[in-house]
Amino acid sequence: SVPLAPASVGWPQWRGPLRDGRAPEGDFRTNWDAHAPEVAWQVEIGGGYSSLAVVAGKLYTQDRQGETERIICLDVNDKGKPLWDFAYPADYAGTDRNYAQGPRATPTIEGNRLYAVGAAGKCLCLELPEGAGKPRLVWEHDLLAEFGAKMPQWGVACSPLVEGDLIIVQPGGSEGSVVAFDKLSGAVRWKAGTEDSGYSSPMAATINGLRVIYALTAKSLLCLRARDGAILDRHDWLTRFGGNIATPIVHKDYVFISSGYGKGCALFRAEASGEDVKLIRVYNRSAKVMQNHHSTCVLKDGFLYGFDESRLKCVDFASGTEQEQWDADSFQIKGSLILAGNHLIVLTERGELGLIEATPEEFHLIAKLPSGLSGSQNWTTPVLVDGRLFLRDNTQVRCLDVRP
């Protein structure tokens, strides 16, 4: 299996250092049944579903304050003390007002730069300050206006992908469904496709030495050549409401996709011939096995763990068969999860926190306890760095101490 990222990398982007839902190296305490996680600090913020990036003792996320969105930075080691924020106007007209709490995407940190996408389609690059300064805006793009895209019902949700010297995002426009910017200058390097965007984020892979990008749009799975955006293959993947939300899962030459709303899941094998790549379908499980609504599965030792709509399941990755004996009756509710060592950390949408052994033979729940989050829309993926578990809802960021 792919080695874990070193602890020093932190959690620099959506779904962690390797974009696969796995925490970096580092011990954490797992006796939650006897010793529940303790609140180290909590800080009030505005609304949003953005997850968190945590690098070098600083936490970055996005929220909404009235008619503006913000990128905010908190000091992890000083009780979450706010260090700075960067605010900009954001017009939510055209989005579903019931879910207009704030940004959806998670900022990406690389070196001294931060890349972020807001719910109204603003894509920003900030230069991070040294010491106590403020960030500097390096470049910005309006993804909807520049690429002929319409506002998705639930807002723009793609988290930026760093690929070499490129930043890749999914505007979902007639002038570019997937777009790559030069990460330093912000210049458009390539654009590909004309399909509307879903709510998914792009993934990179290497197929026989060739770097490719997988992008799940509102209508299909695209396989693009990373250096120039050439569409190498595509597979139809139509889901009601364009509800393709989960991130593709890449493992060796395979890519797995899953959607809710009765859609199901599929596994493809990428076959390379020179500069060409074809996606061969291994299986398609229509309206069963794994229907990821808003949260993406994690993969460990050949098994997927994730939410089939509102049921937590374990599924054999290669065959697409459910582990029937893995009976997670105590988690019949939607949620999100990460993999931390040999354990799953689960957060339900009602704010319950679970610690579960990641073993396919049987479902072994260590603890299920309240997280302290409020409301019923706790859709933000948890983050674990250095024995500290970070959570957020539409009012606060919480840091729980689970150090050994």
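Notes on the structure follow.

Cut-offs applied
Residues numbered from 1 in each chain as written. Predicted model: local features only at pLDDT ≥ 70, side-chain atom pairs only at ≥ 80, totals over all residues. Heavy atoms only, no water. Phe/Tyr/Trp six-rings, centres within 6.5 Å; stacked < 30°, edge-to-face > 60°. Helix = DSSP H or I, 4+ residues; strand = E, 2+ residues; numbered from the N terminus. Buried < 20%, exposed > 50% of the residue type's maximum accessible area, 1.4 Å probe, protein only. Core = buried A, V, L, I, M, F, W, Y, C linked by side-chain atoms within 4.5 Å. Contact = heavy atoms within 4.5 Å. Pairing = 2+ DSSP bridges. Axes fitted to C-alpha atoms, helices over the stretch in contact; angles between N-to-C directions. 1 Å grid on protein atoms, 1.4 Å probe; cavity = no way out; pocket = protein on both sides within 12 Å on 5 of 7 lines; lining within 4 Å. Points joined across faces, edges and corners; volume = space filled by probe spheres on them. Nonpolar A, V, L, I, M, F, W, Y, C, P; charged D, E, K, R; others polar.

## Thoughts on the packing of aromatic side chains
Here is step 1: As enumerated under the stated definition, the model contains 15 aromatic pairs in all.
Here is step 2: Residues Trp 154 and Tyr 199 carry aromatic rings whose centres are separated by 5.4 Å and whose planes lie at 45° to one another, so their mutual orientation is tilted. Separated by 45 residues along the polypeptide, Trp 154 in the loop between α1 (143-146) and β10 (161-163) and Tyr 199 in the loop between β13 (188-192) and β14 (203-207) bring together distant segments of the chain. Of the two residues examined, Trp 154 and Tyr 199, each falls in the buried class.
Here is step 3: The interplanar angle of 80° and the centroid separation of 6.5 Å between the aromatic rings of Tyr 254 and Phe 317 together place this pair among those described as edge-to-face. Taken together, the residues Tyr 254 in strand β19 (residues 254-259) and Phe 317 in the loop between β24 (311-316) and β25 (321-322) connect sequence positions 63 residues apart.

## Considering the nonpolar core
Here is step 1: Membership of the largest hydrophobic core comes to 33 residues, with the highest contact counts inside it found for Trp 32, Leu 59, Ile 345, Leu 353, Leu 384, Leu 389 and Phe 390.
Here is step 2: With near-sequence residues (within four places) excluded, Leu 353 lies in contact with Trp 32, Ile 345, Val 346, Leu 347, Ala 367, Lys 368, Leu 369, Ser 371, Leu 389, Leu 391 and Leu 400.
Here is step 3: If you look at the next biggest cluster of nonpolar residues, it comprises 23 residues, including Tyr 92, Ala 100, Cys 125 and Val 169.

## Thoughts on unusual backbone geometry
Across residues other than glycine, the phi torsion is negative in most instances, and most of the peptide bonds are trans.
Here is step 1: In this structure, Arg 19 takes a positive phi of about 60° despite not being glycine.
Here is step 2: Note on placement: Arg 19 falls in the segment before β1 (38-44).
Here is step 3: Judged by its relative accessible area of 3%, Arg 19 falls in the buried class.
Here is step 4: The backbone of Val 289 sits at a positive phi, close to 70°, despite the residue not being glycine.
Here is step 5: Looking at the secondary structure, you find Val 289 in the loop between β21 (276-286) and β22 (298-300).

## Details of the pairing of strand β20 (residues 264-273)
Here is step 1: As defined by bridge partners, β19 adjoins β20 across six bridges and the pair is classed as antiparallel. Across the sheet, Val 255 pairs through a bridge with Phe 268, a residue of β20.
Here is step 2: The turn linking β19 back onto β20 is made up of four residues, and Tyr 261 within it adopts a positive phi angle of 55°.
Here is step 3: One ladder, built from 10 bridges, connects β20 with β21; its direction is antiparallel. For Leu 267, the partnering residue across the bridge sits in β21 and is Tyr 283.
Here is step 4: What sits between β20 and β21 in their antiparallel hairpin is a turn of two residues, with Gly 274 showing a positive phi close to 65°.

## Overview of the sheet that holds strand β15 (residues 210-216)
In a beta sheet, neighbouring strands are held together by backbone hydrogen bonds and run either parallel or antiparallel to one another.
Here is step 1: Pairing within the open sheet is antiparallel, and its four strands lie in the order β14-β15-β16-β17. Strand pairing shows two members of the sheet lacking a second neighbour, β14 and β17 (231-236), which therefore form its edges. Here the strands of the sheet are splayed against their neighbours by 25° on average, with no regard to which way each runs.
Here is step 2: Looking at chain direction, strand β16 (residues 220-225) and β17 are connected through five bridges and run antiparallel. Residue Cys 223 lies in a different strand from β17, and its bridge partner there is Asp 233.

## Section: the environment of Gly 242
Here is step 1: Along the polypeptide, Gly 242 turns up in the loop between β17 and β18 (249-251).
Here is step 2: We classify Gly 242 as buried; its relative accessible area is 14%.
Here is step 3: Once the C-alpha coordinates of Gly 242 and Ser 220 are considered, the two residues, 22 residues apart in sequence, prove to be 9.8 Å apart.
Here is step 4: The contacts of Gly 242, once residues within four sequence positions are left out, are Gly 198, Tyr 199 and Ala 218.

## Some details on the sheet that holds strand β29 (residues 364-370)
Here is step 1: Pairing is antiparallel across the open sheet formed by four strands, whose spatial order is β26-β27-β28-β29. Looking at strand neighbours, the two that pair on one side only are β26 (335-340) and β29, the edges of this open sheet. Neighbour to neighbour, the strand axes of the sheet diverge by 20° on average, direction disregarded.
Here is step 2: Bridge count between strand β28 (residues 352-357) and β29: six bridges; the pairing is antiparallel.

## Description of the layout of surface pockets
Here is step 1: In this structure, the largest pocket encloses a volume near 820 Å³.
Here is step 2: Along its surface, the largest pocket is lined by 32 residues, and Val 2, Leu 18, Asp 20, Arg 22 and Val 250 are the ones closest to its centre.
Here is step 3: Counting only elements with at least two residues in the lining of the largest pocket, the list comes to β6 (108-110), β10, β14, β18 and β22.
Here is step 4: Looking at side-chain class alone, the lining of the largest pocket contains 16 nonpolar, six polar and 10 charged residues.
Here is step 5: Reported here for the second largest pocket is a volume of approximately 550 Å³.

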